[in-house]
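If you want the building blocks of each chain, they are given just below.
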Amino acid sequence: MLELRDIYYEVHDDDEARDVNILRGVNLKIEDGEFMVITGPNGGGKSTIAKIIMGIIKPTSGQIFFQGEDITNLDITGRARKGIGFAFQAPVRFKGLKVYDLLKLAAGQEIDVNTACVYLSQVGLCAADYIEREINDSLSGGELKRIEIALLIARKTALSVFDEPEAGIDLWSFKNLVEVFEKQQREVNGSIVIISHQERIMEIADRIAVIADGKVKEVGAKADILPELIPGNQVCDRI
Ligand SMILES: Nc1ncnc2c1ncn2[C@@H]1O[C@H](COP(=O)(O)OP(=O)(O)OP(=O)(O)O)[C@@H](O)[C@H]1O
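Looking at an unreviewed UniProt entry, the protein chain carries the name ATP-binding cassette domain-containing protein, with the source organism given as Ohessyouella blattaphilus.

Dropping the structure here:
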């Protein structure tokens, strides 16, 4: 289980010469095997929460526990060793490596071409075209994003975090994206946290957390939260 306990995140705004409270006492638990979608209005603090889970930024105060262990002071690498993975961490750092090599690195073992191709085709990439491609600026943003998702699938992490996976993926249908997440949860039985505004993604969640003004406004079963997010009601007016 991942637990965020009373997380505050404050930054100093030099222009305005004042401190800004971005997260203001976030408490959230994500159970093993759970699929949670974090949603809410723009600027509410969702990406900041994702970065705090991954260890990209450190909270000003509060604690993060993973499988009962306090991981607040672990960096990205330390958390990766514990089984926390996220989709946008990989490719840019590995410029020059081939997609196939990266998939092997992600899997942590030798994988044959067929297995690598399965990962790529799951994210809608024609494996033959990409397996020998190098990670460099010739890949489009959408291609890179799909490769990142394929790498995370290959890693089979205990906790996978995806920040707006739908962003930048235009031609690849949501249906495929949603199927990738369903399959990942089924096969790995790991927890999945997705930051998303998309109803289609929320529909496959176990629970939904609504973040606004740096706080958890609501958290509950999809069946309870999703109807409130439908246009025309109070909560949706804020999203
Ligand atoms: N380093 C920073 N310095 C100043 N303000 C910041 C910093 N990081 C985040 N913010 C502000 O904190 C707020 C929350 O940002 P965050 O990216 O977490 O929101 P979000 O809920 O993910 O938004 P969106 O739905 O638009 O992606 C925003 O108003 C953002 O401008």
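(A) Examining the pattern of salt bridges more closely. A full pass over the atoms with the stated rule returns seven salt bridges. Taking the shortest distance from any N to any O, the salt bridge between Glu16 and Arg18 comes out at 3.6 Å. Ionic pairing is found between Glu132 and Lys98, a salt bridge with its closest N-O pair at 3.1 Å. Here Lys98 lies in the loop between strand S6 (84-86) and helix H3 (99-107) and Glu132 lies in the loop between helix H5 (127-130) and helix H6 (141-155), a separation of 34 residues in the sequence.

(B) Representation of unusual backbone geometry in the model. Phi at Ala17 is positive, roughly 50°, even though this residue is not glycine. Along the polypeptide, Ala17 turns up in the loop between strand S1 (2-13) and strand S2 (18-30). In this structure, Lys156 takes a positive phi of about 50° despite not being glycine. Mapped onto the fold, Lys156 is located in the loop between H6 and strand S7 (159-163).

(C) Structural detail: the environment of Asp213. On the secondary structure map, Asp213 appears in the loop between strand S9 (207-212) and strand S10 (215-221). As for Asp213 and Ser140, which are separated by 73 residues in sequence, their C-alpha atoms are 34 Å apart.

(D) Looking closely at the nonpolar core. Ranked by internal contacts, the top residues of the largest apolar core, which has 42 residues, are Phe35, Leu103, Leu120, Ile194 and Ile208. For this core, the element with the highest residue contribution is H6, accounting for eight residues. Apart from residues lying up to four places away in sequence, Ile194 is in contact with Phe35, Met36, Val37, Ile38, Phe162, Pro165, Phe181 and Ile201. Counting residues in each nonpolar core, the second largest holds 27 residues, with Leu4, Ile38, Ile53 and Ile71 among its members.

(E) Spotlight on the packing of aromatic side chains. The full count for this structure, using the stated rule, is one aromatic pair. Judged by centre distance (4.6 Å) and plane angle (65°), the rings of Phe162 and Phe181 are edge-to-face. Remark: Phe181 occurs in helix H7 (residues 174-188) and Phe162 occurs in strand S7; sequence separation between them is 19 residues. In this pair, the class of Phe162 matches that of Phe181, namely buried. Over the ring of Tyr100 we find Lys104, and its NZ or CZ is 4.1 Å from the ring centre.

(F) Representation of the side chain of Glu143 in the model. Looking at the secondary structure, you find Glu143 in helix H6. Comment: no salt bridge for buried Glu143; closest opposite-charge side chain is Arg133, at 4.2 Å. At 2.5 Å, the side chain of Glu143 and the side chain of Tyr130 are in polar contact. Residues in contact with Glu143, not counting those within four places in the same chain, are Leu125, Tyr130, Arg133 and Ser138.

(G) Looking closely at the sheet that holds strand S4 (residues 61-66). Spatial strand order, S2-S1-S4-S5: four strands in an open sheet with antiparallel pairing. The open sheet has two free edges, formed respectively by S2 and strand S5 (69-70), since each of these has just one partner strand.

(H) Quick peek at the site of the ligand. Residues in contact with the ligand, as listed here, are Val11, Ile22, Pro41, Asn42, Gly43, Gly44, Gly45, Lys46, Ser47, Thr48, Glu164 and His197. Within the contact set of the ligand, an oxygen atom lies 3.0 Å away from a side-chain nitrogen or oxygen of Asn42. Contact between the ligand and Glu164: an oxygen atom at 3.4 Å from a side-chain N or O atom of the residue. In isolation the ligand exposes 640 Å². Once the protein is present, 58% of that is buried. Per-element accounting of the shell around the ligand gives the leading share, three residues, to helix H1 (residues 46-54). Within the shell around the ligand, the residues separate by chemical class into three nonpolar, seven polar and two charged.

Calculation criteria
Residues numbered from 1 in each chain as written. Predicted model: local features only at pLDDT ≥ 70, side-chain atom pairs only at ≥ 80, totals over all residues. Heavy atoms only, no water. Salt bridge = Lys/Arg side-chain N within 4 Å of Asp/Glu carboxyl O. Helix = DSSP H or I, 4+ residues; strand = E, 2+ residues; numbered from the N terminus. Core = buried A, V, L, I, M, F, W, Y, C linked by side-chain atoms within 4.5 Å. Buried < 20%, exposed > 50% of the residue type's maximum accessible area, 1.4 Å probe, protein only. Contact = heavy atoms within 4.5 Å. Phe/Tyr/Trp six-rings, centres within 6.5 Å; stacked < 30°, edge-to-face > 60°. Lys NZ or Arg CZ within 6 Å of the ring centre and 35° of its normal. Lys, Arg positive; Asp, Glu negative; His and termini not counted. Polar contact = N/O pair within 3.5 Å; in protein donor to acceptor, adjacent residues only side chain to side chain. Pairing = 2+ DSSP bridges. Near = heavy atom within 4 Å. Areas by Shrake-Rupley, 256 points an atom, 1.4 Å probe, with all protein chains shown as cover. Nonpolar A, V, L, I, M, F, W, Y, C, P; charged D, E, K, R; others polar.

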